[in-house]
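Residues per chain are reported as follows:
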Amino acid sequence: VVDLFLVQSWGVSSHLNWNYPAWSVSAEMFCYLLFPFAVPLLGRLGTRAAAVAAALILLAIAGLYFFAYGQTMNEALGAPALSRALLEFLEGCLLRRLAGEARLSRIPWGLPIVALLLATGVAFVWRSPVAGFLPILLFPVLILAASQSDSVIGRIAAMPPLVAIGTASYALYLLQAPVEKGAQFLNVYVARGHPLSSAMAICGYAAILVSLTFLVHRFLETPARRVLRRRLA
């Protein structure tokens, strides 16, 4: 019932239920309910103000990460989850406001992206406290770079295979836990500790997940979206 009404991450429960990744759908619903109140303010922001606001939100996320979240972004319940989601949601709105700006095309995006990727990798290897925060800096840069259709990153992001993967990726995200539980018969091959059997089990899980993702996206998600849009229109 909690999952049905999309309130499982609102602090009404002490744990996540059977499809734990769906906590983010609940957090998004919280953001959607507040979105109409943010629209008037977001709509009045100019490019420079939007850029400043986006930077301030990143600073706010950094503050929460280091001083409130215990140096982790793995927050899925209650106020930490909702504050995390709301800040990231507003950051996304501001990035959409900035996307496609002509002045962004003059920025050499490859350099900061490579630097952040290397820094993130080193931080994870060294188990640095900033390891969980660096990807939050990386994704806004990637999003703005990909919004420039004439840039190398923009052209790569627009390739049909990557667009198709991105379109179906949410179905994959929501199916990972049900498939994990439904494919527990593969665990015996991992438990044996043999690298080859473990690799084959992981490949089997991935094959089941990708196949179900295609079927759900093609025959459930896409038709449902079409029907809802037609009726709402």
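Our subject is the structure that appears above.
Residues numbered from 1 in each chain as written. Predicted model: local features only at pLDDT ≥ 70, side-chain atom pairs only at ≥ 80, totals over all residues. Heavy atoms only, no water.

**Here we look at the overall build of the protein chain**
Now for step 1: Looking only at helices and strands, one finds nine helices and zero strands in the protein chain.
Now for step 2: N-terminal to C-terminal, the α/β element order of the protein chain is α-α-α-α-α-α-α-α-α.
Now for step 3: Once the C-alpha set of the protein chain is aligned to its principal axes, its extents read approximately 55 × 45 × 40 Å.
Now for step 4: Excluding contacts between residues fewer than 6 apart, the proportion of contacts in the protein chain whose partners are at least 24 apart in sequence is 66%.
Now for step 5: When the accessible surface of the protein chain is summed, it comes to about 14700 Å², and 72% of that surface belongs to carbon and sulfur atoms.
Now for step 6: Looking at charge distribution, the protein chain has the averaged site of its 17 positive side-chain charges lying 8 Å from that of its 9 negative ones. (Helix = DSSP H or I, 4+ residues; strand = E, 2+ residues; numbered from the N terminus. Contact = heavy atoms within 4.5 Å. Areas by Shrake-Rupley, 256 points an atom, 1.4 Å probe, with all protein chains shown as cover. Lys, Arg positive; Asp, Glu negative; His and termini not counted. Charge placed at Lys NZ, Arg CZ, Asp CG, Glu CD.)

**Observations concerning the nonpolar core**
Now for step 1: Judged by nonpolar contacts, the single largest core of 26 residues is most densely connected at Ile 61 and Trp 109.
Now for step 2: The set of elements that each furnish at least two residues to this core consists of helix H1 (23-44), helix H2 (47-67), helix H3 (78-98), helix H4 (110-125) and helix H5 (134-146).
Now for step 3: Sorting elements by how many residues they give to this core places H2 first, with seven residues.
Now for step 4: Discounting residues that sit within four places of it in the chain, Trp 109 has contacts with Leu 104, Val 141, Leu 144, Ala 145, Gln 148 and Ile 153. (Core = buried A, V, L, I, M, F, W, Y, C linked by side-chain atoms within 4.5 Å. Buried < 20%, exposed > 50% of the residue type's maximum accessible area, 1.4 Å probe, protein only.)

**Overview of the packing of H2 against H3**
Now for step 1: At a minimum axis separation of 9 Å, H2 and H3 run at an interaxial angle of 155 degrees. As the angle between them shows, H2 and H3 are arranged roughly antiparallel. Handedness of the crossing formed by H2 with H3: left-handed. Taking contact as the criterion, the partners of Thr 47, Ala 50, Ala 51, Ala 53, Ala 54, Ile 57, Leu 58, Ala 60, Ile 61 and Leu 64 in H2 are, on H3, Ser 83, Leu 87, Glu 88, Leu 90, Glu 91, Leu 94, Arg 97 and Leu 98.
Now for step 2: Taken together, the residues that form the contact of H2 with H3 break down as 13 nonpolar, two polar and three charged. (Axes fitted to C-alpha atoms, helices over the stretch in contact; angles between N-to-C directions. Parallel < 35°, antiparallel > 145°, perpendicular 65-115°, else oblique. Left-handed = near helix turned anticlockwise from the far one by under 90°. Nonpolar A, V, L, I, M, F, W, Y, C, P; charged D, E, K, R; others polar.)

**Remarks on a nonpolar patch on the surface**
Now for step 1: On the surface, a cluster of nonpolar side chains totalling about 600 Å² of accessible area is made up of Phe 185, Ile 208, Leu 212, Phe 214, Leu 215 and Phe 219.
Now for step 2: Inspection of the secondary structure puts Phe 214 in helix H9 (residues 195-232).
Now for step 3: The class for Phe 214 is exposed, based on a relative accessible area of 51%. (Patch = residues over 30% accessible without salt bridge, like charges linked within 9 Å, V, L, I, M, F, W, Y side chains within 5 Å. Salt bridge = Lys/Arg side-chain N within 4 Å of Asp/Glu carboxyl O.)

**Some details on the environment of Ala 171**
Now for step 1: The residue Ala 171 is located in helix H7 (residues 160-182) in this model.
Now for step 2: The exposure class assigned to Ala 171 is buried, which follows from its relative accessible area of 7%.
Now for step 3: Separated by 130 residues in sequence, Ala 171 and Leu 41 have C-alpha atoms that sit 32 Å apart.
Now for step 4: With near-sequence residues (within four places) excluded, Ala 171 lies in contact with Thr 213, Val 216, His 217 and Glu 221.

**Quick notes on the pattern of salt bridges**
Now for step 1: On inspection of all chains with the given rule, the structure shows two salt bridges.
Now for step 2: One salt bridge connects Glu 88 with Arg 84, and the closest N-O pair in it is separated by 3.6 Å. Residue Glu 88 and its partner Arg 84 are both found in helix H3; the two are separated by four residues, about one turn of the helix.
Now for step 3: Classification of Glu 88 as partly exposed rests on a relative accessible area of 31%.
Now for step 4: By relative accessible area, which is 17% here, Arg 84 ends up buried.
Now for step 5: A salt bridge links Arg 225 to Glu 221, with the shortest nitrogen-to-oxygen separation between them at 3.1 Å. With Arg 225 and Glu 221 both in helix H9 and four residues apart, this pair spans about one turn of that helix.

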